[in-house]
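Below are the chains, spelled out letter by letter.
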Amino acid sequence: MTNKMSKIVVIGSCSTDMFFYTSILPNPGQTIHGKQFSLDFGGKGANQCIAAQKLGADTVFIGCVGSDIFGRDIISNFEKWGVDTKFITKKSIDTGVAQINVTDNGENYIIIVAGANGTLQKEDVDKAQDLLLNETRVVLFQFETPLETTECILNKLSTANSKCCKIVNGAPAYSNSYQNILKLADIFCVNESEAEIYTNCIKKIDSIESANEVLSLLLKQGCKIVIITLGPLGAIFASKDEPEPQWVKVPKIENPIDTSGAGDAFLGSLAYFIVHTPNLSLYEQIKRACIIATKTVQFKGTQKSYPLKKDLPKELFN
């Protein structure tokens, strides 16, 4: 790796998030009063990109927005934080949106309308080919954009023997996803419910022991490295070369306020540590990313909850 290869590129989704805070969720046909409403910028791809950028990474976002006010505001938000937006394509379709309902215990229930995110094609990404092959250390993908585009780009990077680390966040989960994507990724990362879907719910994750079993099943599908995030329990991971699962514990957070976006904070932080602390073990990189993710659940919103490097303990970056 040369010094030039230090960029984090996120190929994925961006949207406007509409948050509805409520004590309980309504039953079908029922109307209830919420407690608060707020707007934030979101989309798993955008969240991961902003999380890394706030830590001081050199990030580039590749994706699609509509030619509407939501799209213009999303680009402005990226630029405000210093994200390179030259490879964002404007399409003649609405920008993606998400409705996020958050209950008093911090749990979230989300409805996504993909909009322009669903139009991302390989031609849109090909514009950044030189960047991906010559300047990128980590590239992040999610499943909120077309899977065929993700598979095509992963194939191109593999064929070109790209030196970048390819991280695939298999979210939202697809029961019949492209199996080849799992094999092409250097790191495949999911949460516990998504991991259950990718293993056909053979095993319900209700303990570290059952999580380890699901982890092993994912490795058998051809993944090189698998990370399963477990919320307050931290994360577990294993690799094809070292299949024995390792458990990364995190400090317990009492009374979380909003867990939405914590997984994206984890992935953006992990990408940062892979680039900027290459001498650390993967265990230590995951641990530090988990610590940052747990801090976000103490605040409302997604990107609004992501910390800046200056607001975090210095020892995280040593």
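The rules we used
One numbering rule holds for all chains: residues counted from 1, following each sequence as written. In keeping with the model being predicted, local features are shown solely for residues with a pLDDT of at least 70 and side-chain atom pairs are shown and tallied solely at 80 or more, while totals for entire chains, interfaces and linings include all residues. Values shown for side chains rest on all heavy atoms present in the structure; no hydrogens or waters enter the calculation. In this analysis the probe radius is 1.4 Å and the grid spacing 1 Å, with only protein atoms considered; a cavity is a set of points the probe fits into but cannot get out of, a pocket is an open set with protein on both sides within 12 Å along at least five of seven lines, and lining residues have an atom within 4 Å of a point. Grid points are joined across faces, edges and corners, and a volume is the space filled by probe spheres set on the points. Helix and strand definitions follow DSSP, with helices as H or I runs of at least four residues and strands as E runs of at least two, each counted in order from the N terminus. Strands were regarded as paired on the criterion that DSSP finds at least two bridges between them. For every element, the axis is a line fit to its C-alpha atoms; helices are fit only across the contacting stretch, and the angle between N-to-C directions ranges from 0 to 180 degrees. The contact definition used throughout considers only heavy atoms, calling two residues in contact when any of these lie within 4.5 Å. In this scheme, a helix's expected span is set at 1.5 Å multiplied by one less than its residue total. Only protein chains enter the accessibility calculation, which uses a 1.4 Å probe; a residue whose area is less than 20% of its type maximum is buried, one above 50% is exposed, and one in between is partly exposed.

## Details of the layout of surface pockets
- By volume, the largest pocket is sized at about 1300 Å³.
- Around the largest pocket, the lining comprises 48 residues; the ones closest to its centre are Asn-108, Asn-191, Thr-259, Ala-262 and Gly-263.
- Going through the elements one at a time, strand S2 (15-21), helix H1 (44-54), strand S6 (96-102), strand S7 (108-113), strand S10 (187-191), helix H7 (192-198), helix H9 (262-276) and helix H10 (282-296) are the ones with two or more residues in the lining of the largest pocket.
- Here the element with the most residues in the lining of the largest pocket is H9; it accounts for 5 residues.

## Some words on the sheet that holds strand S1 (residues 7-11)
- Ordered in space as S5-S4-S1-S8-S9-S10-S11-S12-S13, the 9 strands form an open sheet in which the pairing is mixed. The sheet terminates laterally at strand S5 (88-91) and strand S13 (246-248), the two strands that pair on one side only. Along the sheet, successive strands turn relative to each other by an average axial angle of 20°, direction set aside.
- Here 5 bridges tie S1 to strand S8 (residues 136-142), and the two strands are oriented parallel to one another. Residue pairing in the sheet places Ile-11 in a bridge with Phe-141 of S8.
- Across the sheet, H1 lies against S1, strand S4 (59-66), S8 and strand S9 (165-169), angled at about 150° from S4, the strand it touches most.
- Along the sheet face, helix H2 (residues 69-81) touches S4 and S5 and points at about 170° away from the line of S4.

## What about helix H5 (residues 147-159)?
- Counted at 1.5 Å a residue, the expected span for H5 with its 13 residues is 18 Å, and the 18 Å between its end C-alpha atoms agrees.
- By the burial criterion, the buried members of H5 are Leu-147, Thr-149, Thr-150, Glu-151, Ile-153, Leu-154 and Leu-157.
- For H5, the elements touching its buried residues are S1, helix H3 (122-126), helix H4 (129-134), S8, S9 and helix H6 (179-184).
- Once H5 finishes, Asn-161 follows within two positions and takes phi at roughly 55°, a positive value.

## Here's the deal with the pairing of strand S12 (residues 235-239)
- Within S12, 5 of the 5 residues are buried, which leaves the element mostly enclosed by the surrounding structure.
- Alternating residues of S12 divide into Ala-235, Phe-237 and Ser-239 and Ile-236 and Ala-238, and every residue in both groups is buried.
- Bridge count between strand S11 (residues 225-229) and S12: 5 bridges; the pairing is antiparallel. Paired with Ile-228 across the strands is Ile-236, a residue of S12.
- In sequence, S11 turns back onto S12 through a hairpin of 5 residues, with Gly-231 there showing a positive phi of about 60°.
- Relative to S13, S12 runs antiparallel, the two being bridged by 3 bridges. Along S13, the bridge assignment pairs Ala-235 with Val-248.

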